[in-house]
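Chain and residue survey
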Amino acid sequence: MGKPTGFMEFDRLSEAYDPVEQRLKHYKEFVHTLNDEDAKTQGARCMDCGIPFCNNGCPVNNIIPDWNDLVYRGNWKQALEVLHSTNNFPDFTGRICPAPCEAACTLGINAAPVGIKSIEHFIIDKGWEMGWVVPQPPKAKTGKKIAVVGSGPAGLAAAQQLARVGHAVTVFEKSDRIGGLLGYGIPDFKLEKTVIDRRVAQMEAEGVSFKTKVVVGSKDLPAGINNDAVEFVSAEQLKKDFDAVIVAAGSEVPRDLPVPGRELKGTYAALEFLIPQNKEVQAGKTNPINAKGRHVIVIGGGDTGSDCVGTSNRQGAASVTQFELMPMPPEEENKALTWPYWPYKLRTSSSHDEGCSRDFAVATKALIDDGKGNVKALKAVRVEWKDGKMSEVAGSEFELPADLVFLAMGFTNPVGSLLEAFGIEKDNRGNAKATTDGDGCYATNVGKVFAAGDVRRGQSLVVWAIREGRQCAREVDNFLMGSTTLPR
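Residues numbered from 1 in each chain as written. Predicted model: local features only at pLDDT ≥ 70, side-chain atom pairs only at ≥ 80, totals over all residues. Heavy atoms only, no water.

What follows deals with the layout of surface pockets. A water-sized probe rolled over the atoms picks out the places where empty space is left. In this structure, the second largest pocket occupies an estimated 330 Å³ of space. In this structure, the second largest pocket is lined by 21 residues; those nearest its centre are Glu81, His84, Ser85, Gln136 and Arg164. Residue classes in the lining of the second largest pocket are distributed as 7 nonpolar, 9 polar and 5 charged. (1 Å grid on protein atoms, 1.4 Å probe; cavity = no way out; pocket = protein on both sides within 12 Å on 5 of 7 lines; lining within 4 Å. Points joined across faces, edges and corners; volume = space filled by probe spheres on them. Nonpolar A, V, L, I, M, F, W, Y, C, P; charged D, E, K, R; others polar.)

Right, here's the structure in full:
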């Protein structure tokens, strides 16, 4: 906890943002970390609640009251040590995690919750500033070799944990840079890629080997989004060359929209727009999809849709409209009903604040051709929900001009060809089948092959991926050595 009476004395202070007109001119991060005194004050708001529900609200079980108290007392370095004890990459989560811990904060029952995410962001940025984040190479090598397929947060967390106990870890990534969707799916204005690069450098100093532009599985089958591969390695070769394999390739198959006109030019899955834009920002490669002066419609109300909104506005779109199939949530949650769980409420992102028309309970009926194979408009209808079933509202059809339509409706499952190449059994959603209960956690039906992250649990949050990577690393270490000192 922080100051015993702090929660009664101090108001919540959110991180400051650059003004909209300023941040729309660039793709750099625009959120300002708390200063030292403000961080102390926010740490002081952590109350002596008795049962810190925030610990379980956080998927990696961050020891939040402890580092809140340490920040309140100015013990920055010790706060960093406590934070790193449960989370390999607080510089990722402190920027892009939606903070389910704050939804579980006891203070949040009848007041503004503790700003846990902003304090986490402060701690890790202070750590880098002071030079406290350094490589932790192993004291001895085990002689065991592990392959990790996929360099998203699950793969990176697993690789770092295993390297630190002495295993030789090689990470395989089909893109031309490390990070998975952290690297190419999330715009720089939410997560600048230097944040990932410095972690990669740390891991290389700890002994992790990274191989980019390498596709794993079968060269004759689809490899998923953003395949920059110039090399191929088979699943059988990995199993032969390594003592264990962790498949952490994410959930890459986007949910499609089967309506007339889906094939029209100007209609794209969200990542077909976001990935080239990231490559333009990071490597100067021109994005062939440009929203400047065009009417943009984003279908899907989640984070990926929000990223499309922010990117379209930075490109200079004439208008941006976002549709969501579900009804508009209430602006404030029913805390008596939802606390300490993730609440059902309207969420407005910084990208929405930059300019976006949002409409709810809308279903797309068709995309309209301009006569030359391009989309020129979107035909939609309003819907209503009753007893979990959707029905169209009679006479509510309407059209909107649309030069670009981005489909941001989430992801359904991992690329099937990768799992099939290994012979991994799938669950009923098409994910890798591997339990997290009892013996053999994260192990698949294929000997010495494990699965973790979105490839196993389905589309989820960065913090869940880190949790699964850490837990999987523990199981792999135990599998190889007969015991383990890695935390669960």
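Let us keep going from here.
Attention now goes to the pairing of strand 16 (residues 389-392). Both faces of the sheet carry side chains from a regular strand, because those side chains alternate between them. Where strand 15 (residues 375-386) lies against strand 16, 4 bridges are found, and the strand directions are antiparallel. Residue Trp385 lies in a different strand from strand 16, and its bridge partner there is Met390. The hairpin formed by strand 15 and strand 16 contains 2 residues between the paired strands, and Asp387 there has a positive phi angle of roughly 55°. (Pairing = 2+ DSSP bridges. Helix = DSSP H or I, 4+ residues; strand = E, 2+ residues; numbered from the N terminus.)

Right, let's get into the sheet that holds strand 20 (residues 449-451). Whether parallel or antiparallel, the strands of a sheet pair through hydrogen bonds between backbone atoms. With parallel pairing, the 5 strands of this open sheet are ordered in space as 5-4-3-8-20. Each edge of the open sheet carries a strand with a single partner, namely strand 5 (209-211) and strand 20. Mean inter-strand twist for the sheet, computed between neighbouring axes without regard to direction, equals 20°. (Axes fitted to C-alpha atoms, helices over the stretch in contact; angles between N-to-C directions.)

Below, the discussion takes up the pattern of salt bridges. According to the stated counting rule, one finds 28 salt bridges in the structure shown. When the shortest N-O distance is used, the salt bridge between Glu392 and Lys365 registers 3.0 Å. In this pair, Glu392 is assigned in strand 16 and Lys365 in strand 14 (residues 362-369), connecting sequence segments 27 residues apart. The class of Glu392 is partly exposed, set by a relative accessible area of 43%. A salt bridge links Arg456 to Glu468; the shortest N-O distance between them is 2.5 Å. (Salt bridge = Lys/Arg side-chain N within 4 Å of Asp/Glu carboxyl O. Buried < 20%, exposed > 50% of the residue type's maximum accessible area, 1.4 Å probe, protein only.)

Our next topic: the side chain of Asp91. Along the chain, the position of Asp91 falls in helix 7 (residues 90-96). Only 2.9 Å separates the side chain of Asp91 from the side chain of Trp128, close enough to count as a polar contact. The contacts of Asp91, once residues within four sequence positions are left out, are Ile124, Trp128, Leu191, Val195, Arg198 and Arg199. (Polar contact = N/O pair within 3.5 Å; in protein donor to acceptor, adjacent residues only side chain to side chain. Contact = heavy atoms within 4.5 Å.)

A rise of 1.5 Å per residue sets the reference length of helix 9 (residues 116-130), with its 15 residues, at 21 Å; its end C-alpha atoms lie 21 Å apart and thus fit the reference within 8%. Taking burial as the measure, the 15 residues of helix 9 include 11 buried ones, the bulk of the element. Inspection of helix 9 places Ile116, Ser118, Ile119, Glu120, His121, Phe122, Ile123, Ile124, Asp125, Lys126 and Gly127 among the buried residues, and these make up the whole buried set. Taken from the residues just after helix 9, Gly131 is the one with a positive phi, measuring 80°. (Expected span 1.5 Å × (residues − 1).)

In this section: the packing of helix 3 (residues 36-44) against helix 9. A pair of packed helices can be characterised by two numbers: the angle between their axes and the separation between those axes. It is at 10 Å that the axes of helix 3 and helix 9 come closest, and there the two elements cross at 135°. Considered as vectors, helix 3 and helix 9 are oriented oblique to each other. Every pair of crossing elements has a handedness; the one defined by helix 3 and helix 9 is left-handed. Contact with helix 3, carried on its side by Asp36, Ala39, Gln42 and Gly43, involves Ile119, Phe122 and Lys126 of helix 9 and no other residues of that element. (Parallel < 35°, antiparallel > 145°, perpendicular 65-115°, else oblique. Left-handed = near helix turned anticlockwise from the far one by under 90°.)

A word on the environment of Leu191. Considering the arrangement of structural elements, one finds Leu191 in the loop between helix 11 (181-184) and helix 12 (194-205). Along the primary structure Leu191 and Lys28 are separated by 163 residues, whereas in three dimensions their C-alpha atoms are 8.2 Å apart. For Leu191, the contacting residues outside a window of four places in its chain are Glu29, Asp91, Phe92, Arg95, Ile96, Leu182, Ile186 and Ile196.

Summarising the element assignment, Thr444 is placed in the loop between helix 18 (416-422) and strand 20. The exposure class assigned to Thr444 is buried, which follows from its relative accessible area of 11%. Here the side chain of Thr444 touches Val446 through a polar contact of 3.1 Å, landing on its backbone nitrogen. Here Val449 takes part through its backbone oxygen, which lies 2.8 Å from a polar atom of the side chain of Thr444. The residues touching Thr444, leaving out its near neighbours within four places in the chain, are Ile424, Lys433, Ala434, Val449, Phe450 and Ala451.

What follows is about the nonpolar core. Counting 68 residues, the largest nonpolar core has Trp67, Ile123, Ile246 and Val476 as its most contacted members. Looking at this core element by element, the count peaks at 8 residues for helix 20 (residues 462-481). Counting 21 residues, the second-largest nonpolar core is a separate cluster that includes Ala249, Leu418, Ala451 and Val455. (Core = buried A, V, L, I, M, F, W, Y, C linked by side-chain atoms within 4.5 Å.)

Okay, the pairing of strand 11 (residues 295-299) next. In terms of burial, strand 11 is largely enclosed, as 4 of its 5 residues are buried. Examined bridge by bridge, strand 11 and strand 12 (residues 319-324) share 5 bridges and lie parallel to one another. Looking at strand 12, one finds that Val296 is bridged to Val320. In this region the chain leaves strand 11, passes through helix 15 (residues 303-315) and returns to the parallel neighbour strand 12; the handedness of that crossover is right-handed. Direction of pairing for strand 11 relative to strand 18 (residues 404-407): parallel, over a ladder of 4 bridges. From the neighbouring strand, Val298 faces strand 18, where its bridge partner is Phe406. (Right-handed = clockwise from strand over helix to strand, strands pointing away.)

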